[in-house]
Amino acid sequence: FVSIVQERDPDVLEVYNGSFDLRYLQGRANRYDILLALGREWNGRRATLSRRSRSSYQGDYDLLRDSEEYSVFGRQVVDLYLSVYRFNQRTSALNSHGLKDTAAYFGFNHNRERTFVEGGRIADEWDVDPANVAEYCLDDVRDTRGVGHRLLPGEFEAARMIPASLQRICRL
C-alpha cells in the first residue's frame, strides 16, 4: 500500500470513515514494524501519517467533536464520511451515512454485483477466502471514489476561494 501511494504520488488521499480505517492501518503497520510513510519527501525523509484528536472542536457537528484528524506532509487527507454527513444535514436524503448506503443513493453500485463481508467477520473471512475480502475492499474503494467524485468538486472550488486547505474545508 505504501509503495503504491509513493509511486502514484496523489495530492489527495480520500478515505471513508478515516478515523477507523487510518487508525487500523497505523495499528497494523506498528504491529509488523512497517513505516507508514504515506507523505511526500521532506528533508530527505518520507513523511509518515500523523494523528491528532479533535475533541476540542467547537463546530456545529457532534460528529467532529470526537473525531480524529489525520495528516501527511504534502497531501490532503479527506474523510468523505464528513462530507456525506454535511450533505445529509442539508438534504436529509440518506437514512444512513454508511458507505454502502451512500453509494447506493448516488447510484454508484447499482450496475454491478457488490461483495459484502460483515465488518466483524473480515479477519475470519480472510483466513477462509482472502480473494473475497480483497474484492470487498476493492468495492469499497470504488464506492469511495464515486462518492468523492460526487461531493468533492464543490469543496475543491471552495478551497480555491477561501484561504484554507481542501482538508480543512472538508472538516468545516
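Every value quoted in this text rests on a predicted model; they were computed, and no experiment measured them.

Peer 1: Got a sec to walk through the overall build of the protein? Specific residues and values, please.
Peer 2: The helix and strand tally for the protein stands at eight helices and six strands. Going from N to C terminus, the protein has its helices and strands arranged as α-β-α-β-β-β-α-β-β-α-α-α-α-α. Sorting the 172 residues of the protein into buried and exposed places 39% on the buried side. Counting contacts in the protein only where the partners sit at least 6 residues apart, residues at least 24 apart contribute 61% of the total. Entry remark: accessible area of the protein is about 10,900 Å², with carbon and sulfur atoms responsible for 49%.

Peer 1: Outline the nonpolar core, listing residues and values.
Peer 2: Soluble, globular proteins show a tendency: their nonpolar side chains are buried together. Within the largest apolar cluster, 16 residues are counted, with the highest numbers of intra-cluster contacts made by Y16, V78, L80, V84, V147 and L151. Secondary structure elements with two or more residues in this core: α4 (80–91), α5 (99–106), α7 (130–161) and α8 (166–169). With five residues, α7 is the single largest residue contributor to this core. When sequence neighbours within four positions are dropped, the list of residues in contact with L80 reads E14, V15, Y16, T144, V147, G148 and L152. Ranked by size, the runner-up nonpolar core spans 12 residues in total, among them V5, L22, A29 and L38.

Peer 1: Describe in detail the side chain of Q167, supporting the description with residues and values.
Peer 2: Checked against the element boundaries, Q167 lands in helix α8. Only 2.9 Å separates the side chain of Q167 from the backbone nitrogen of V77, close enough to count as a polar contact. For Q167, the contacting residues outside a window of four places in its chain are E69, Y70, S71, R75, Q76, V77 and V78.

Peer 1: An account of helix α2 (residues 18–31) is needed here, citing residue identities and associated values.
Peer 2: If you check α2, its first and last C-alpha atoms are 19 Å apart, about what 14 residues at 1.5 Å a residue would give, namely 20 Å. Every buried residue belonging to α2 is among G18, S19, L22 and A29, and all of these are buried. In a view along the axis of α2, the buried residues occupy a sector of 110 degrees, so they form one face of it. Check the buried side of α2 and you find it contacts β1 (12–15), β5 (68–71) and β6 (76–79).

Peer 1: Pulling in residues and values, what's your account of the pattern of salt bridges?
Peer 2: According to the stated counting rule, one finds 11 salt bridges in the structure shown. Here R40 and D11 are joined by a salt bridge, their closest N and O atoms 2.6 Å apart. Of this pair, R40 sits in the loop between α2 and β2 (41–42) while D11 sits in the loop between α1 (2–8) and β1, and the two are 29 residues apart along the sequence. Among the residues examined, D11 registers a relative accessible area of 51% and is labelled exposed. The salt bridge involving R160 is made with E157; its shortest N-O contact spans 3.3 Å. Pair noted here: R160 and E157 are both in helix α7, with a separation of three residues, about one helical turn.

Definitions and limits used
Residues numbered from 1 in each chain as written. Predicted model: local features only at pLDDT ≥ 70, side-chain atom pairs only at ≥ 80, totals over all residues. Heavy atoms only, no water. Helix = DSSP H or I, 4+ residues; strand = E, 2+ residues; numbered from the N terminus. Buried < 20%, exposed > 50% of the residue type's maximum accessible area, 1.4 Å probe, protein only. Contact = heavy atoms within 4.5 Å. Areas by Shrake-Rupley, 256 points an atom, 1.4 Å probe, with all protein chains shown as cover. Core = buried A, V, L, I, M, F, W, Y, C linked by side-chain atoms within 4.5 Å. Polar contact = N/O pair within 3.5 Å; in protein donor to acceptor, adjacent residues only side chain to side chain. Expected span 1.5 Å × (residues − 1). Arc of directions from axis to C-beta. Salt bridge = Lys/Arg side-chain N within 4 Å of Asp/Glu carboxyl O.

On their own, these measurements won't tell you what the molecule is for.
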